[in-house]
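Each chain, written out:
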Amino acid sequence: MADNIETIRNFIKDWSTLDASHLASYFTEDGTYHNMPIAPVSGRDNVEKFIAGFIASWKTTQWDLLNIAASGDVVIAERVDRTTTGNGDVDLPCVGVFEMENGRIKVWRDYFDMATFTSAMQ
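Residues numbered from 1 in each chain as written. Predicted model: local features only at pLDDT ≥ 70, side-chain atom pairs only at ≥ 80, totals over all residues. Heavy atoms only, no water.

*Asks:* Summarise the side chain of Asn-35; cite the residues concerned and give the values.
*Replies:* Here Asn-35 lies in strand β1 (residues 27-35). Judged by relative accessible area, Asn-35 falls into the buried class, the value being 2%. In terms of polar contacts, Asn-35 uses its side chain to reach the side chain of Tyr-33, at 3.3 Å. If near-sequence neighbours (up to four positions away) are discounted, Asn-35 is found in contact with Phe-50, Phe-54, Asp-110 and Phe-112. (Helix = DSSP H or I, 4+ residues; strand = E, 2+ residues; numbered from the N terminus. Buried < 20%, exposed > 50% of the residue type's maximum accessible area, 1.4 Å probe, protein only. Polar contact = N/O pair within 3.5 Å; in protein donor to acceptor, adjacent residues only side chain to side chain. Contact = heavy atoms within 4.5 Å.)

*Asks:* Could you give an account of the environment of Ser-42, naming the residues involved and the relevant values?
*Replies:* Within the secondary structure, Ser-42 sits in strand β2 (residues 41-42). With a relative accessible area of 40%, Ser-42 lands in the partly exposed category. On a C-alpha basis, the gap between Ser-42 and Gly-53 in space is 15 Å, while along the polypeptide they are eleven residues apart. Discounting chain neighbours no more than four positions away, the residues touching Ser-42 are Gly-31 and Thr-32. Among the polar contacts listed, one links the side chain of Ser-42 to the side chain of Thr-32, at a separation of 2.7 Å.

*Asks:* Describe the nonpolar core, listing the residues and the values that go with them.
*Replies:* Buried together is how nonpolar side chains tend to be arranged in soluble globular proteins. Grouped together as the largest cluster of nonpolar side chains are 30 residues, with contacts concentrated most on Ile-8, Phe-11, Trp-15, Ile-51, Phe-98, Ile-105 and Trp-108. Secondary-structure elements contributing two or more residues to this core are α1 (2-14), α2 (20-24), β1, α3 (44-54), β3 (58-71), β4 (74-85), β5 (89-101) and β6 (104-111). Among the elements that take part in this core, β5 stands out by supplying five residues, more than any other. The contact partners of Phe-11, leaving out residues within four places of it in the chain, are Leu-23, Tyr-26, Phe-27, Phe-98, Ile-105 and Trp-108. (Core = buried A, V, L, I, M, F, W, Y, C linked by side-chain atoms within 4.5 Å.)

*Asks:* With reference to specific residues and values, describe the environment of Asn-87.
*Replies:* Here Asn-87 lies in the loop between β4 and β5. Judged by its relative accessible area of 46%, Asn-87 falls in the partly exposed class. With 52 residues separating them in the primary sequence, Asn-87 and Asn-35 have C-alpha atoms 20 Å apart.

Pasting the structure below:
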């Protein structure tokens with residue numbers, strides 16, 4: 001459990017690299033990333049492509065971890081994602097639920113208000 005928390009702490013910190021390949025390496029081969037307002041993406045290669053597209057206009061990002069807890073192979077992380085993009089800047093409150101398998105992310109569900117994100121991008 002402690003290792004899972006540390007993995008997610010590192011994953012959150014590593015978003016500041018804006019390196020889609022590195023971020024996707026945290027996932028299992030068949031892992032799923034689900035930004036809850038939109039359809040899930042499964043398979044590490046698809047997750048990498050999705051992340052790359054999602055962050056294409058981002059200039060910087062820092063994710064501030066507010067709270068983190070784990071029970072077994074589930075880690076829940078509350079955070080504020082602070083992102084500067086070519087279209088606008090946003091401080092986006094989020095909660096990520098991570099299902100872990102052998103030290104990697106099997107499923108990541110991220111909950112946030114899409115309107116907060118889209119209104120900041122105008």
